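Reading the structure
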Amino acid sequence: MGGAMSTVMVLAWRNLWRNYRRTLIMLAAITVGIWAMIFMAAMMRGMTDQIVENTLNTLPGEVQLHHPEYRRDPSVVNRMPAPSAALREALAAPPAVAWAARVRVPAVVASERDSRGVILLGIDPQKEAALGSLPEEVIEGRFLADIDDRGVVLGASLARRLETGLGKRVVLMSQDPDNNVADRGARVVGIYKARLQGTEDVFVYSGLAVTQAMLGIGSDVSEIAATADDYRLMGDWYQPIAAAAGPGFEVLPWPQLDSFLDSMLRVQDGFSLVFMVVIFLALSFGLVNTLVMAVFERIREIGLMQALGMRPGLILAQVLVESIYLLCLGLLLGNVSAWLTIKPLESGIDISAVAQGVEKMAMGTTLYPALVVQDMVMSTVVVLGLGLLASLLPAWRAASLDPIRALSRH
Amino acid sequence: MNVTWLLAWRNLWRHSRRTWLTVAAMVFCNVLLVFLISLQLGSYTMMIDNTLGTFSGHIQVQHVGYLDQQKMRQTVPAAAELAQTLREQQGVSAASARGIAFALASSEERSFGIQIVGVEPAYEPEVSTFPGLVKQGRFLAPDAGVDSDEIVIGSILADNLKVGLGDELTFLGSGRDGSFAAAVATVVGVIDTGFDEVDRSIAEVPLAWFQQVFTMGNQGHSVVLRVDDFDAVPQQVAVIQQQVADRAELVVLDWDALQPGLRQAITSDMASAWFMYGVLIILVAFSVLNTQLMSVLERTREFGVMLSLGMGPGKLARLVGLETLMMSTIGLAFGVLLGGLLVWYLSFAGFYFPGMEEMGKRFNLPERMYPEFSLLAILWGPTTVFLFALLAALYPALRLFRLQPVPAMRAA
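Because the structure is a prediction, the values reported are computed rather than measured. Here the residue index of a chain counts from 1 through its sequence in written order. By the order in which they are written, chains take letters starting at A while ligands take numbers starting at 1. Local features in this predicted model are restricted to residues whose pLDDT is 70 or higher, and side-chain atom pairs enter the listing and the counts only when it is 80 or higher, whereas totals over whole chains, interfaces and linings include all residues.

To continue, consider the overall build of chain A. When you go through chain A residue by residue, the secondary structure sums to 15 helices and 12 strands. Taking 22 Å as the expected radius of gyration for a compact globule of 410 residues, we find that chain A reaches 31 Å, considerably beyond that expectation. The principal-axis extents of the C-alpha atoms in chain A amount to approximately 100 × 45 × 30 Å. Among the 410 residues that make up chain A, the fraction classed as buried is 49%. Two residues form a contact once the distance between their C-beta atoms, set from the backbone, is within 7 Å. Across chain A, every contact between residues at least 6 apart in sequence was considered, and the portion connecting residues at least 24 apart equals 80%. To qualify as a helix, a DSSP run of H or I must reach at least 4 residues; to qualify as a strand, a run of E must reach at least 2; elements of each kind are numbered from the N terminus. Values of the radius of gyration come from C-alpha atoms, whereas the globule rule sets the reference at 2.2 Å times the count of residues to the power 0.38. Backbone-placed C-beta atoms define the burial measure: a residue is buried with 20 or more other C-beta atoms within 10 Å of its own, exposed with 12 or fewer, and partly exposed in between.

Okay, here's the thing in structure tokens:
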């Protein structure tokens, strides 16, 4: 049987090149199809990676703890005590690599010229740095030194709108738990730049202890965030933290914190698969056509082989192997050309022409395509699996030919 | 029927399975293109309508620089009068003046920094959908003037401030001249748009009251316009620009300037869509190329005979071209028919795919998509496939000119 199979493989290979023009055209079609599948998947993955990272970066922490009411009503009233010893231990356990507690309340910031509604972040600069949540770039002045730093750091866009600048004073206004106006004057010690203008307009950074004192909330915080530095872990490590936090806290991994991100990731994977299947379907007509014609041309020959004692199973195998050769060659060329075209682009594609359009989706001005093995494997599986399925019909027809009738054709 | 046509038609059905498979490839691609392009155009129309219809309008008249800086001082003088003049202009379907300020809003329990919009209660419903989305209470009374302290707010804002109908809100902010502005307003309506971002931030008060509280005099920050014909926006902008030409501090902005993300979002979406369409069309062209090349190659002997009988290669090439034309026409007809039926059905039944709600919310799209049933959307894809199929037949047809009668007749 082994000998028979190797004969079949040689026969299939030779058959493939009998009509080399047809094979080459089909090969070109398969290559283009597979290249397109992988290229599109890499672009989409690059896009979603960036959206997820940008969104998580503005306030990262794949796992976050809040007062149960906080997410619906982000007020100072819905705060929680500073983490207990047990919770601190759970937050520091791997895979978590960093965590931070912050105060996050709506506020108004007023310069002598204008005022704006913002989100006031009372943070611990060291811990937030470990978490990777600080603004990418402080373009003027410095960032906050520690939790007792009395200065504030504003986004460049907000500073422009307020007509304020480095060294000038602004007034921060919010409410304390009893709904009295809580305010303090502060000097602008730094101005930051963010990837998205929306971030610059909204977030104002202030020292954690100073903010807690201004709001009169002791050592309470609004939010505790922890990261494992890999959002694809899906924050599944949140259970022990939830257990350590006990009741009275809402502990959520990021897919639940931002349902848009989560659904977008799922839509992306689904869309990649749909795209691949659609491209394959367009290809399959050509593939089936090629095989049907190949079998048709060889009816007499197949009849002869059967008359000489070749089993129908081997004839079926012969057509299938021919199809597999064609698909594998196409897969190889498609994958290689996709790799060759995407690799040079991974340093980034400038899409600043549509920057404001994509900013809605939390994307920056550069798109970084991401070629991952998963997409290459997915396209290979789709093409080989469905390809074999599509080849079954012509192969089965060839195998079920009646030798006498086949031999008497023409 | 001409002999060449008859020949072409018969040749086409010599291998009926092959022809049908190729036609099926075309029909598949055509139906897909018709569906996707209609869906795309439909979603763009909705995106534009929904984005501009909610608040920003088609055109706005503002102070130069206000769009970027949004400073209190960058005002439109006599805003309501200007809106009145523009409203009567031909081609303008609605106009309303607005003023915008930031303030700290406090209820008994809570305080939030919000953006307050002063609107003309009688005209605002014509330029914005928010007044129509009041779910509790009512919108500002149409004749609300200086003495009317009415306010409508978004539903999430109402929740966050813990206020309901009839409750009072206190505002602290600064007026146009930098003075301290404080006032109390009574909630008469709660707006629920379904978009969290809007429901969390919207607060509207009568313009006259707004002007008094924030020491604006008769000034506003923008005059919002809707036009009768969306495609005529550029002409309208030019006309209005003329009218305010004597006031150098004013600028007329079209929707593209007001919502720069919108056109770019469409552009970026188009780019990725065209990539997919291009790939599909190329694959179908390959399919046609393969079929026609094969059908030419297997007829080498036959063509040799015809050549030696005195038929010119040009005529043979026309024959092959004609075969492709017939095949592509069948593909075009079925594609347009099936695709058209599908789109026509979906254009009133709607279309949904899971996960779309969340995406839709970001782009002001409803939960169901309604593809646009238009001739352009339906014909564009199939016609391109048709042209590419004809193009693909060029190589097999041109090969015929190199054919030598005698070797061709001897070919296996």
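Right, let's talk about the overall build of chain B for a bit. Helix and strand counts for chain B come out as 17 helices and 10 strands. A compact globule built from 412 residues would reach a C-alpha radius of gyration of about 22 Å, whereas chain B, at 32 Å, exceeds it by more than 25%. In terms of overall dimensions, chain B has a C-alpha envelope of 100 × 45 × 30 Å along the principal axes. Within chain B, buried positions represent 46% of all 412 residues. Contacts in chain B between residues at least 24 apart in sequence constitute 79% of all its contacts with a sequence separation of at least 6.

Our focus in this paragraph is the packing of helix 2 (residues 16-56) of chain B against helix 11 (residues 260-297) of chain B. Residue and element names in this part refer to chain B. Where helix 2 contacts helix 11, the axes come no closer than 10 Å and their chain directions differ by 175 degrees. As the angle between them shows, helix 2 and helix 11 are arranged roughly antiparallel. Ten residues, namely Ala, Val, Leu, Ile, Met, Phe, Trp, Tyr, Cys and Pro, are considered nonpolar, four, namely Asp, Glu, Lys and Arg, are considered charged, and the remaining ones, Gly among them, are considered polar. When the residues that make up the contact of helix 2 with helix 11 are grouped by side-chain class, the tally is 17 nonpolar, 5 polar and 1 charged. As a rule, the C-alpha atoms of each element are fitted with a line to give its axis, helices using only the stretch in contact, and angles between N-to-C directions run from 0 to 180 degrees. Oblique is the label for every angle not falling under 35 degrees (roughly parallel), over 145 degrees (roughly antiparallel), or within 65 to 115 degrees (roughly perpendicular).

This part is about helix 15 (residues 375-392) of chain B. Residue and element names in this part refer to chain B. Here a helix's expected span is defined as the number of its residues, less one, multiplied by 1.5 Å. Its 18 residues place the ends of helix 15 26 Å apart at the C-alpha level, agreeing with the 26 Å of an ideal helix rising 1.5 Å per residue. Burial in helix 15 covers these residues: Ala377, Ile378, Gly381, Pro382, Val385, Phe386, Phe388, Ala389 and Ala392. Those residues of helix 15 hidden inside the fold are in contact with helix 2, helix 11, helix 13 (313-349) and helix 16 (394-399).

A few words now on the pairing of strand 9 (residues 222-227) of chain B. All names here are of chain B. Among the 6 residues of strand 9, 5 are classified as buried, and the element is accordingly described as predominantly covered. As paired strands, strand 1 (residues 59-63) and strand 9 are joined by 4 bridges and run antiparallel to one another. By the bridge assignment for strand 9, valine 61 is matched with valine 223. Sheet analysis places strand 2 (residues 92-106) next to strand 9, joined by 6 bridges and oriented antiparallel. Paired with serine 96 across the strands is valine 224, a residue of strand 9. Paired strands, in this sense, are two strands between which DSSP finds at least two bridges.

So, on to the interface of chain A and chain B. Contact with chain A, which involves 55 residues of that partner, is made by 53 residues of chain B. Going through the elements one at a time, helix 2 (20-58), strand 2 (98-110), strand 3 (115-123), helix 5 (156-162), strand 6 (169-175), helix 10 (259-297) and helix 13 (355-359) of chain A are the ones with two or more residues in the side of chain A that touches chain B. Sorting elements by how many residues they give to the side of chain A that touches chain B places helix 10 of chain A first, with 19 residues. Looking at the side of chain A that touches chain B residue by residue, the classes come out as 31 nonpolar, 14 polar and 10 charged.

The next subject is the environment of isoleucine 151 of chain B. Inspection of the secondary structure assignment puts isoleucine 151 of chain B in strand 5 (residues 150-154). Sequence-wise, isoleucine 151 of chain B and alanine 94 of chain B are 57 residues apart; in three dimensions their C-alpha atoms are separated by 22 Å.

For the rest of this paragraph, the subject is the nonpolar core. The nonpolar core is taken to be a set of buried Ala, Val, Leu, Ile, Met, Phe, Trp, Tyr and Cys residues joined by way of C-beta atoms within 7 Å. Among the nonpolar cores identified, the biggest contains 125 residues, and Val152 of chain A together with Ile153 and Val223 of chain B are the most heavily contacted of them. Per element, the largest residue contribution to this core is 10 residues, and it comes from strand 2 of chain A. Among all residues touching isoleucine 153 of chain B, those that are not within four sequence positions of it are Ala158, Val187, Val190, Ile191, Ile202 and Ala203 of chain B. In terms of nonpolar packing, the next biggest core, distinct from the first, is built from 108 residues, Leu287 and Leu371 of chain A together with Leu283 and Ala389 of chain B among them.

Residues and elements named next belong to chain B. Positive phi values are uncommon outside glycine, yet lysine 162 reaches one of about 55 degrees. Counting through the fold element by element, lysine 162 comes out in the loop between helix 6 (155-161) and strand 6 (168-174). For lysine 162, a count of 15 C-beta atoms within 10 Å translates into the label partly exposed. Its identity is not glycine, yet threonine 215 carries a phi of approximately 45 degrees, on the positive side.

Our next topic: the environment of arginine 405 of chain A. Residues and elements named next belong to chain A. Here arginine 405 shows up in helix 15 (residues 403-407). Arginine 405 sits in the exposed class, given 10 other C-beta atoms within 10 Å. In sequence terms arginine 405 and isoleucine 299 are 106 residues apart; their C-alpha atoms lie 9.3 Å from each other.

All names here are of chain A. By the criterion of burial, strand 3 is predominantly enclosed, with 8 of the 9 residues buried. As defined by bridge partners, strand 2 adjoins strand 3 across 8 bridges and the pair is classed as antiparallel. Across the sheet, residue valine 108 finds its bridge partner in strand 3, namely glycine 117. In this antiparallel pair of consecutive strands, strand 2 and strand 3, the connection spans 4 residues. Looking at chain direction, strand 3 and strand 8 (residues 203-207) are connected through 5 bridges and run parallel. Considered in strand 8, the bridge of leucine 121 is made with tyrosine 205.

Another point: the confidence of the model for chain B. Of all residues in chain B, 96% attain a pLDDT of 70 or more, and the chain-wide mean is 86. This prediction of the complex comes with two scores: 0.75 for pTM and 0.74 for ipTM. pLDDT gives the predictor's per-residue confidence on a scale running from 0 to 100.

The next subject is helix 3 (residues 85-92) of chain A. Residues and elements named next belong to chain A. Regarding helix 3, the residues found buried are Leu87, Ala90 and Leu91. Axial view of helix 3: buried residues confined to an arc of 100 degrees, hence all on one face. In helix 3, the exposed positions angled more than 90 degrees off the buried face are occupied by Ala85 and Ala92. Residues of helix 3 that are buried in the fold lie against strand 2, strand 9 (223-227) and helix 8 (238-245). In this context, the arc is that of the directions from the helix axis out to the C-beta atoms.

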